[in-house]
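A look at the structure
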Amino acid sequence: MKWLTKSYVGVVMAFLYAPILVLIVFSFNQSKSRGAWTGFTFDWYKKLFTNEIIIQSLINTLIVAVISSVVATLLGTMAAIGISRMKKYTRAAIMNVTYLPIINPEIVTGVSLMLLFVSAQSVLKTLNLQLGTSLSFDFGFLTLVLAHITFNVPYVILNVMPKLRQMDNYVYEAALDLGCSPRQAFYKVVLPEIMPGVLAGFLMSFTYSLDDFIISYFVSGATSQTLPITIYSMTRRKVSPEINALSAIIFVVVLVVLLAVNLNDARRERENRMKARGRL
Amino acid sequence: MRKHGLFSLLGCAALLLSGLSQTALAEVDVADPGYYTRFQEQGISINVHNWGEYISDGSDDSLNVIKEFENLTDIKVNYTTFATNEELYARLKGGGAAYDVVIPSDYAIARMIREGMLEKLDLENIPNRVNISSDFMNQIYDPENLYSVPYTWGTVGVIYNKTMVDEEDIGSWDLLWNEKYMGEILMFSNPRDAFAIALQKLGLPVNPTTSAQLREATELMKDQKLLVQAYVMDEIFDKMLGGEAAIAPYYAGDAITMMAQDPNLGYYVPVEGTNRFVDAAAIPVGCRQKEAAEMFINFLLEPEVGAANAEYIGYSSPNTAALALMDPEITEDEVAYPPPDVIAKTEFFVELSPEMSLEMDKCWTELLSTDEQYSKWLIPMVMMACIVASVSINILRTTRKRRDSDYVGNHRDRIG
C-alpha cells in the first residue's frame, strides 16, 4: 500500500509543477503558439536580451525587490525585537495591526496606498505655496519602493518572532554578565540565533515583491514599470514566448538559490550536530 | 557578506543585460532634421504610455522607433504600457502619474476631451500632420482635430477557419449564432466590443442610447452563451492557430498576423456593418514637456516611422506618406485596407452616457454570471447543508463530551 501514498505525492507534485514545465518547454518552441510544438530553437532567449522594454521592466522589478526587501528586513527585525519585549496586551494589539496588511485584500492595500500618495502630493503642493519650497514627487520608483516595503514588513516580523520566542532570553543576559556591551551581545549572541528567521523573512519579502502585481499596478508611474505589469499589457495582442524564456530563467535561478540555501542549512545542521556529539 | 555578494551579482547581471540590449542603429530620414535638434543637450525626458506591443521596437530587424527618436533629439523616452483604455483613464484620473504622450482609442479620447483631461495640440509643432489622410480628420470623437493625431486604425471582423466552416455560412454576424458550430465560437471578453456585435446583428446602433436596446442585446448574447467556447482576448491567437476554435471576431491587424501564420484562416467584414476604431496620440493635461511631446508625435508621423510601425504592429496606418513607402501587397490587402463601400458601413464608438455605461457594466456582469445549466439555488443549498452539518457535528461532539465527563465524574464519585 505504500506505493499508493508515494504515487499520491507524485501526483500532487506533477499537478503543481506541470504548468511550469509546459511553460519552460514552450520557451524553446519555434512558433509563437502555446499549443502546437513546431521545433526546437533558442531564438526566444536571444530575442529576450534585445527586447528593451522587458529587460528594463525586469531591472526595475529586481531593483525594487532588492531595496524593499532589505529595508523591510531591517525594519521588521527591529520591530520584532521591540515587540517581543512588550507587555502582553500591547504586544497583542501591535501583532493585530501587523496582521492587517496580510489579511487585507491586495486591491484594498493598492488603492489606499495610491490615494495616500496622491493626497501626499497635494499636501506637498500646499506646503510649497506656503513655504516657498519646491518639494514634490512623482509616482514612480519612490512610491513603488515605499509600497513594497509596506507590505513586506509584516512578513519579516512574522518570520522573526518565532525565532525570538524560541531563543532563551537568559543567553543575552549571560552575555552581558560575561562582559559584552549591549551592542556586542546583540551582534554576537542574539543575531546569530535569529538569523534563520531573518533570512527566511528576507527571502519571503523578496519573493512577494517580485511577484506583486496588484499593488504595483496602482502605485507605479510613468517611469518605472515592473515586469508583471508589462506582461499584463501584452495581453490585448499576444504574450510573446520571450516571456516564457524569461520565466524559465527566473525559475532556474530561484531553484538554484533555494537548493543552495537548503543545502547550506542542512550542512550547517549536520555540523552542529556533530559538534554537539563531539563535545559530549 | 552574503548580502554584498547578492548585490554585486545583481548589479553585474543588470549591467550585462543592458549592455546586451544595445542593437545596431539605422538612420531615419526625416523631413526637417533641424526641427528635431532644438532640445539637444538639455537632459529632457518624456513619458510615453502606449498599448503593449504597439510600436516598432527593433525586434525582427524592424526599426527601433524609440531609440531612433532618442538618438535624433537627445530626449530620453520613458516608455510604459497599458492593456485597456479604462486602465489608462483610471491612471490619468487618479492624478498620480505624469504622462506626456498617451495613445488611447477613439471613444476614450472623446471622454477625456469632454472631461478636460487633454491639452490642445500646438499644430505648428506637428507639421507632419499633413501626412494623415483626410478620411481620419474631423471625426466624431475629435471633431476639430484639436486634441489628437491618428496613429493606427482598423476594423473588427470575423476570423474563421476555412477548413472547419462552410463557405455558405459566412458573410454576416449570424455565423456567430450558428448552432452548427456550437462550442467552436469565441467572443470578445470586453463589454463594448461584445455588445457592439450583438447590437449590430439586431440592426441597432453600436452606441446604445436606451436601456431597451441594451436589454435586447443582452438577451441575444445570453442565447449565444451556450454556443461560445470562451470569452477571450489574447487567447484567440492560440485557439485559432491551434484549431481549437473555428470562428472568432477580432481586430483586422491581428487577423493579418494570424493569417500570415496559418493560410487556412480567412477574414470577412459582416454585411450588417462593424466597428471602425482609431487609436490616436494625445497629450494629457499636466504634462511637463509639451513641446517635446509634440516633437515625439511629429516623429511618429514621419513616413519611414509610420511605415515601420504599420508593418510591425500589423494594424492599418492613416498616414498616406507612410503608405506610399509600404509594400503594395500590404496596402492593397482588403483585410487591412477595406474598400470604401465596406468602410461606409462601419461605425465609430463614442463615449456612452454615464447611465448607459453603468447599465452596460451591469448587463455584462449579468451575462457572464448567467448559467442555464444548473439552478441558481444550488450554491445557497450547498452552503446551508454545510452549515447545518458543521453545527450538528459540533453539537454532537459537545453532548458526547458532556456525557463522557458525566460518566467519569459519577465513576470517580463511586470509587472515591
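Residues numbered from 1 in each chain as written. Chains lettered and ligands numbered in written order. Predicted model: local features only at pLDDT ≥ 70, side-chain atom pairs only at ≥ 80, totals over all residues. Heavy atoms only, no water.

**As for the overall build of chain B**
Within chain B one finds 16 helices and 10 strands. Here chain B holds 416 residues, and 51% of them are scored as buried. Sequence-distant contacts in chain B: of pairs separated by 6 or more residues, those separated by 24 or more amount to 75%. As displayed, chain B offers around 19800 Å² of accessible surface, 56% of which is attributable to carbon and sulfur atoms. Looking at chain B, you have 32 positive and 63 negative side-chain charges, and the mean spots of the two groups are 18 Å apart. (Helix = DSSP H or I, 4+ residues; strand = E, 2+ residues; numbered from the N terminus. Buried < 20%, exposed > 50% of the residue type's maximum accessible area, 1.4 Å probe, protein only. Contact = heavy atoms within 4.5 Å. Areas by Shrake-Rupley, 256 points an atom, 1.4 Å probe, with all protein chains shown as cover. Lys, Arg positive; Asp, Glu negative; His and termini not counted. Charge placed at Lys NZ, Arg CZ, Asp CG, Glu CD.)

**Here we look at the overall build of chain A**
Looking only at helices and strands, chain A has 11 helices and zero strands in total. Relative to the globule expectation of 19 Å for 280 residues, the C-alpha radius of gyration of chain A, 24 Å, shows a markedly less compact shape. On the principal axes, the C-alpha backbone points of chain A span a range of 75 × 70 × 35 Å. Across the 280 residues in chain A, those meeting the buried criterion constitute 38%. (Rg over C-alpha atoms; globule rule 2.2 N^0.38 Å.)

**Looking at helix 6 (residues 191-201) of chain B**
All names here are of chain B. Burial analysis of helix 6 places nine of its 11 residues in the buried class, the great majority of the element. Listing the buried residues of helix 6 in full gives Arg192, Asp193, Ala194, Phe195, Ala196, Ile197, Ala198, Leu199 and Gln200. Looking one or two residues beyond helix 6, the residue adopting positive phi is Gly203, at roughly 80 degrees.

**Concerning the packing of aromatic side chains**
Counted under the stated rule, the structure contains 36 aromatic pairs over all chains. The interplanar angle of 10 degrees and the centroid separation of 4.2 Å between the aromatic rings of Tyr155(A) and Tyr208(A) together place this pair among those described as stacked. Of the two residues, Tyr155(A) is situated in helix 6 (residues 141-166) and Tyr208(A) in helix 8 (residues 182-211); the sequence distance between them amounts to 53 residues. Residue classification places Tyr155(A) among the buried residues on the basis of a relative accessible area of 14%. Judged by centre distance (5.3 Å) and plane angle (80 degrees), the ring pair of Tyr217(A) and Phe218(A) falls under edge-to-face. Taken together, the ring pairs in this structure connect Trp51(B), Tyr54(B), Phe82(B), Tyr151(B), Phe188(B), Phe237(B), Tyr250(B), Tyr251(B), Phe277(B) and Tyr315(B) into an aromatic cluster. Arg85(A) extends its terminal NZ or CZ atom over the ring of Tyr172(A), reaching a point 5.9 Å from the ring centre. (Phe/Tyr/Trp six-rings, centres within 6.5 Å; stacked < 30°, edge-to-face > 60°. Lys NZ or Arg CZ within 6 Å of the ring centre and 35° of its normal.)

**A short note on the side chain of Gln213(B)**
Structurally, Gln213(B) is set in helix 7 (residues 211-225). In contact with Gln213(B), not counting residues within four places along its chain, are Leu199(B), Leu204(B), Pro205(B) and Pro208(B).

**Considering the interface of chain A and chain B**
Between chain A and chain B, the residue contacts involve 39 residues of the former and 45 residues of the latter. Taken together, the two surfaces of chain A and chain B that pack against each other cover about 4000 Å², and 55% of this comes from carbon and sulfur. Here chain A is connected to chain B by two salt bridges. A salt bridge links Arg288(B) to Asp138(A); its shortest N-O distance comes to 2.8 Å. Elements with a minimum of two residues in the side of chain A that touches chain B: helix 2 (43-50), helix 3 (52-84), helix 5 (106-131), helix 8, helix 10 (227-233) and helix 11 (241-279) of chain A. Tallied by class, the residues present in the side of chain A that touches chain B amount to 18 nonpolar, 12 polar and nine charged. (Buried area = accessible area lost by both parts, 1.4 Å probe. Salt bridge = Lys/Arg side-chain N within 4 Å of Asp/Glu carboxyl O. Nonpolar A, V, L, I, M, F, W, Y, C, P; charged D, E, K, R; others polar.)

**Topic: a positive patch on the surface**
A grouping of Arg397(B), Arg400(B), Lys401(B) and Arg403(B) is seen on the molecular surface, where their side chains present a positively charged patch. With respect to the element layout, Arg397(B) can be found in helix 16 (residues 378-415). (Patch = residues over 30% accessible without salt bridge, like charges linked within 9 Å, V, L, I, M, F, W, Y side chains within 5 Å.)

**Quick word on the pairing of strand 8 (residues 265-268) of chain B**
All names here are of chain B. By the alternation rule, side chains of strand 8 split into Leu265 and Tyr267 and Gly266 and Tyr268, which are all buried. Of the pairings in the sheet, the one linking strand 4 (residues 148-161) to strand 8 comprises four bridges and is antiparallel in character. By the bridge assignment for strand 8, Tyr160 is matched with Gly266. (Pairing = 2+ DSSP bridges.)

**What to know about unusual backbone geometry**
Peptide bonds are, in most cases, trans, and in most cases residues other than glycine have a negative phi. All names here are of chain B. At Asp74, a residue that is not glycine, the phi angle is positive and equals roughly 65 degrees. Relative to the helices and strands, Asp74 is located in the loop between helix 3 (65-73) and strand 2 (76-82). A positive phi is found at Asn138, a non-glycine position, where the angle reads about 55 degrees. Note that Asn138 resides in the loop between helix 5 (106-114) and strand 4. The exposure class of Asn138 is exposed, given its relative accessible area of 53%.

**Brief notes about the environment of Arg215(B)**
All names here are of chain B. Secondary-structure assignment places Arg215 in helix 7. You can call Arg215 partly exposed: its relative accessible area is 33%. Remark: the alpha-carbon pair of Arg215 and Tyr79, spanning 136 residues in sequence, is separated by 41 Å. Beyond its immediate chain neighbours, meaning those up to four positions away, Arg215 contacts Lys222, Cys363 and Glu366.

**Looking at the confidence of the model for chain B**
Residues and elements named next belong to chain B. Here chain B averages 85 in pLDDT, while 91% of its residues score no lower than 70. Per-element confidence in chain B is highest for strand 3 (residues 101-102), whose mean pLDDT is 95, and lowest for helix 1 (residues 2-20), whose mean pLDDT is 51. As scored by the predictor, the complex reaches a pTM of 0.78 and an ipTM of 0.74. (pLDDT = per-residue confidence, 0-100.)

**Quick notes on the pattern of salt bridges**
This model, assessed by the stated rule, comprises 19 salt bridges over all chains. Where Arg267(A) meets Glu271(A), a salt bridge forms, and the shortest distance between an N and an O atom there is 3.3 Å. Of the two residues, Arg267(A) and Glu271(A) are both situated in helix 11; the distance of four residues between them amounts to about one turn of the helix. A salt bridge links Arg114(B) to Glu115(B); the shortest N-O distance between them is 3.9 Å. With relative accessibility at 26%, the residue Glu115(B) sits in the partly exposed group.

**Some details on the pairing of strand 7 (residues 247-251) of chain B**
Residues and elements named next belong to chain B. Summarising burial for strand 7: five of the five residues are buried, a large majority. Summarising the sheet, strand 4 and strand 7 pair through five bridges and their orientation is antiparallel. Its bridge partner lying in strand 7, Ile159 is registered against Ala248.

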